[in-house]
Amino acid sequence: MSVLECRNLTKAYKKGYNVLNGLNIQVPGGRIVGLLGPNGCGKSTLIKIIAGILQPNEGEVFVDGKPVGEQTKALVSYLPERTYFNAWMRVEELVSYFAEFYQDFDKDKAYRLLKDLNIDPKAKLKTLSKGTKEKVQLILVMSRNAKLYLLDEPIAGVDPAAREYILSTIVGNYNPDSTIIITTHLISDVEQVLDDFMFISYGGYVMKQGSVEQVRMENSCSLDEYFREVFRCSQNF
């Protein structure tokens with residue numbers, strides 16, 4: 001059974017323009033998948049629909065065989081593109097909040113990751129840099145034992161020196177039977193951890209998909225280079 005399945009998924013914000021247009025995808029368990037495409041192609045919209053935040057105009061989404069709804073919220077761990085926590089809260093208060101709200105949350109793992117990144121659990125969010133706030137949010141998301149992780153631009157706001165650690169955190173701290181979907185513009189940085197990819201084009205359909213390793217073998221290039229070749233110009237991303 002696929003961890004994620006989207007059937008004929010369509011989403012329009014205004015009449016006559018579909019952000020997603022009859023999109024069909026199936027993603028098995030145990031894979032890290034890059035959801036890649038130019039700005040405005042519907043990546044974040046798709047992630048929000050899978051997370052149950054937005055409703056499609058047409059189509060169905062299933063997580064672990066269940067239609068998106070109350071049941072699937074317990075299976076999905078979602079990292080939004082922007083931080084959303086209250087600035088007055090302390091990091092340790094957020095850890096307690098997640099532990100109370102999610103039965104699959106691992107407090108010990110969260111505190112270990114905070115220690116690894118030298119983040120003080122007693123610090124208030126308002127005293128932290130933008131990049132550190134994003135690290136805290138990622139730690140909380142990855143400290144759940146979820147079936148599906150949805151990470152929207154997880155490394156966009158952090159310095160290059162921290163990206164490698166964050167990517168290793170993503171790889172090393174999830175159930176290998178689960179699936180991770182990552183959206184990013186920093187393909188060259190993230191492709192080292194990806195198993196598979198999906199290129200989403202304007203109009204909201206899958207242009208290309210497959211194994212990252214197969215792309216390297218068949219095209220003698222990196223995924224980043226292949227992306228540029230497929231979309232033919234760099235002005236869209």
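Everything below is about the structure shown above.
These figures come from a predicted structure and were not determined experimentally. (Residues numbered from 1 in each chain as written. Predicted model: local features only at pLDDT ≥ 70, side-chain atom pairs only at ≥ 80, totals over all residues. Heavy atoms only, no water.)

Caption draft 1: Up close: the overall build of the protein. Helix and strand counts for the protein stand at nine helices and ten strands. For 237 residues, the compact-globule estimate of 2.2 N^0.38 gives 18 Å, and the protein sits close to it at 18 Å. Projected onto its principal axes, the C-alpha coordinates of the protein cover approximately 45 × 40 × 35 Å. Taking all 237 residues of the protein together, 49% fall into the buried category. (Helix = DSSP H or I, 4+ residues; strand = E, 2+ residues; numbered from the N terminus. Rg over C-alpha atoms; globule rule 2.2 N^0.38 Å. Buried < 20%, exposed > 50% of the residue type's maximum accessible area, 1.4 Å probe, protein only.)

Caption draft 2: Region of the structure containing the packing of aromatic side chains. Within the structure shown, the criterion is met by twelve aromatic pairs. Taken together, a centroid distance of 5.0 Å and an interplanar angle of 80 degrees make the contact between Phe 101 and Tyr 102 edge-to-face. For Tyr 102, a relative accessible area of 21% corresponds to the partly exposed category. An aromatic cluster of three or more residues is present, and its members are Phe 85, Tyr 97, Phe 98, Phe 101, Tyr 102 and Phe 105. We note Arg 144 situated over the ring of Tyr 102; from NZ or CZ to the ring centre the distance is 3.9 Å. (Phe/Tyr/Trp six-rings, centres within 6.5 Å; stacked < 30°, edge-to-face > 60°. Lys NZ or Arg CZ within 6 Å of the ring centre and 35° of its normal.)

Caption draft 3: Highlighting the nonpolar core. Counting residues in each nonpolar core, the largest one holds 31 residues, and the members touching the most others are Leu 151, Ile 170, Ile 182 and Phe 199. Broken down by element, this core gets its largest block of residues, five residues, from helix H9 (residues 223–231). Non-local contacts of Leu 151, meaning those with residues more than four positions away in its chain, are made with Leu 79, Leu 138, Val 141, Met 142, Ile 170, Ile 180, Ile 181, Ile 182 and Thr 183. Of all hydrophobic cores here, the second largest spans 26 residues; its members include Val 3, Tyr 78, Leu 148 and Leu 150. (Core = buried A, V, L, I, M, F, W, Y, C linked by side-chain atoms within 4.5 Å. Contact = heavy atoms within 4.5 Å.)

Caption draft 4: The arrangement of the sheet that holds strand E5 (residues 66–67) in detail. Taken in spatial order, the four strands line up as E2-E1-E4-E5 in an open sheet, and their pairing is antiparallel. Only two strands of the sheet have a single neighbouring strand rather than two, namely strand E2 (17–27) and E5. Alignment of strand E1 (residues 4–14) against E2, held across seven bridges, turns out to be antiparallel. Following the sheet pairing, Ala 12 is matched in E2 by Asn 18. Each of E1, E2 and strand E4 (58–63) is contacted by helix H1 (residues 43–51), which is oriented at about 120 degrees to E1, the strand it contacts most. (Pairing = 2+ DSSP bridges. Axes fitted to C-alpha atoms, helices over the stretch in contact; angles between N-to-C directions.)

Caption draft 5: Here's a closer look at the sheet that holds strand E6 (residues 76–79). The strand order E6-E7-E8-E3-E9-E10 describes an open sheet built from six strands, whose pairing is mixed. Both outer strands of the open sheet, E6 and strand E10 (205–211), are each paired with one neighbouring strand and no more. For this sheet, the mean inter-axis angle between neighbouring strands, taken without regard to orientation, is 15 degrees. Both strand E7 (residues 148–152) and strand E8 (residues 179–183) contribute to a ladder of five bridges, which runs parallel. Looking at E8, one finds that Leu 148 is bridged to Thr 179. Of the strands in this sheet, strand E3 (32–36), E6, E7 and E8 are in contact with H1, which crosses E7 at around 150 degrees.

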